[in-house]
Amino acid sequence: MTAEKQTSLFVVDETSDLPIWVQLRNRFAYLIRTGHFKPGEQLPSVRSLAADAKINYNTVTKAYRDLELENLIVSVRGRGMYVQKNIPGEAEPAEVAVDVQMEDCIRQYRALGLTYDDIMTRFYDIAQDMADKTAAAQEERMEYTDER
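Thresholds, definitions, all that
- Residues numbered from 1 in each chain as written.
- Predicted model: local features only at pLDDT ≥ 70, side-chain atom pairs only at ≥ 80, totals over all residues.
- Heavy atoms only, no water.
- Helix = DSSP H or I, 4+ residues; strand = E, 2+ residues; numbered from the N terminus.
- Buried < 20%, exposed > 50% of the residue type's maximum accessible area, 1.4 Å probe, protein only.
- Areas by Shrake-Rupley, 256 points an atom, 1.4 Å probe, with all protein chains shown as cover.
- Pairing = 2+ DSSP bridges.
- Core = buried A, V, L, I, M, F, W, Y, C linked by side-chain atoms within 4.5 Å.
- Contact = heavy atoms within 4.5 Å.
- Salt bridge = Lys/Arg side-chain N within 4 Å of Asp/Glu carboxyl O.

A.B. asks: In this structure, what is going on with the overall build of the protein chain? I would like to understand it.
C.D. replies: Within the protein chain one finds 6 helices and 2 strands. The helix and strand sequence of the protein chain, counted from the amino end, reads α-α-α-α-β-β-α-α. Counting every position in the protein chain, which comprises 148 residues, the buried fraction comes to 26%. Roughly 10,400 Å² of accessible area belongs to the protein chain as shown, and the carbon and sulfur atoms make up 52% of that amount.

A.B. asks: It is not clear to me how the pairing of strand S2 (residues 80–83) should be interpreted in this structure. Could you clarify?
C.D. replies: Side-chain direction in a regular strand flips from residue to residue, so the side chains alternate between the two faces of the sheet. In this sheet, S2 lies alongside strand S1 (residues 73–76) in antiparallel orientation, the contact comprising 4 bridges. Looking across to S2, one finds that Ile73 is bridged to Val83. Remark: 3 residues form the turn of the hairpin made by S1 and S2, two consecutive strands paired antiparallel; Gly78 in that turn has positive phi of roughly 80 degrees.

A.B. asks: How should I be thinking about unusual backbone geometry in this particular structure?
C.D. replies: Leaving glycine out, the prevailing phi sign among residues is negative, and the prevailing peptide bond configuration is trans. One non-glycine residue, Lys54, lies in positive phi territory at about 60 degrees. Overall, the relative accessible area of 43% leaves Lys54 in the partly exposed class.

A.B. asks: Looking at this model, I keep getting lost on the nonpolar core. Mind explaining?
C.D. replies: Nonpolar side chains in soluble globular proteins tend to be buried together. Core analysis: the biggest nonpolar cluster contains 24 residues, and Leu24, Phe28, Phe37, Leu43, Val60, Tyr64 and Ile73 have the highest contact counts within it. Those elements giving two or more residues to this core turn out to be helix H2 (20–33), helix H3 (46–53), helix H4 (57–69) and S2. In terms of residues, this core owes the most to one element, H2, which gives 5 residues. With sequence-adjacent residues up to four places away left out, Phe37 is seen in contact with Leu9, Phe28, Leu31, Ile32, Leu43, Pro44 and Val83.

A.B. asks: Help me out: how do you make sense of the pattern of salt bridges in this one?
C.D. replies: Where charged atoms from two side chains of opposite charge come close, those side chains can pair. Evaluated as defined, the whole model comprises 5 salt bridges. One salt bridge connects Arg25 with Glu70, and the closest N-O pair in it is separated by 3.2 Å. A residue pair is termed long-range when its members are at least 10 positions apart, and Arg25 in helix H2 and Glu70 in the loop between H4 and S1 qualify at 45 residues. Residue classification places Arg25 among the buried positions, given a relative accessible area of 6%. Exposure remark for Glu70: the relative accessible area of 41% places this residue in the partly exposed category. Taking the shortest distance from any N to any O, the salt bridge between Arg107 and Glu103 comes out at 3.9 Å. In this pair, Arg107 and Glu103 both sit in helix H5 (residues 93–111), 4 residues apart, roughly one turn of the helix.

As structure tokens, this is what we get:
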């Protein structure tokens, strides 16, 4: 299962308040904007992605539909979903807004006397703690489904 997690494009964050379709939409928007998926490249089919991520087919459909409305992907009837060919590589407005908040946090930490190394360590520790909680929630979910 460990190798499966590493190659999976999407894993549900059980601790997140975001609906699964939003998590999926955000993940694929990120993968497209960062170049993981190249312009014109075909995305995984709805059915295969749903099976791989162990989520409902309709959840994937909703996420893909939203990506299509954002003009990040295009549906080709009978062939699947493809990444739009003319997508700017800029960060999404939501990412820019979060970056501004992060910069403000860094300034606040600096005002408390922390060095940049201290701040990076804190950010890493916080992110690691969140990742650990997500992994624990995923394991708990797997235990539940294995018992049935």
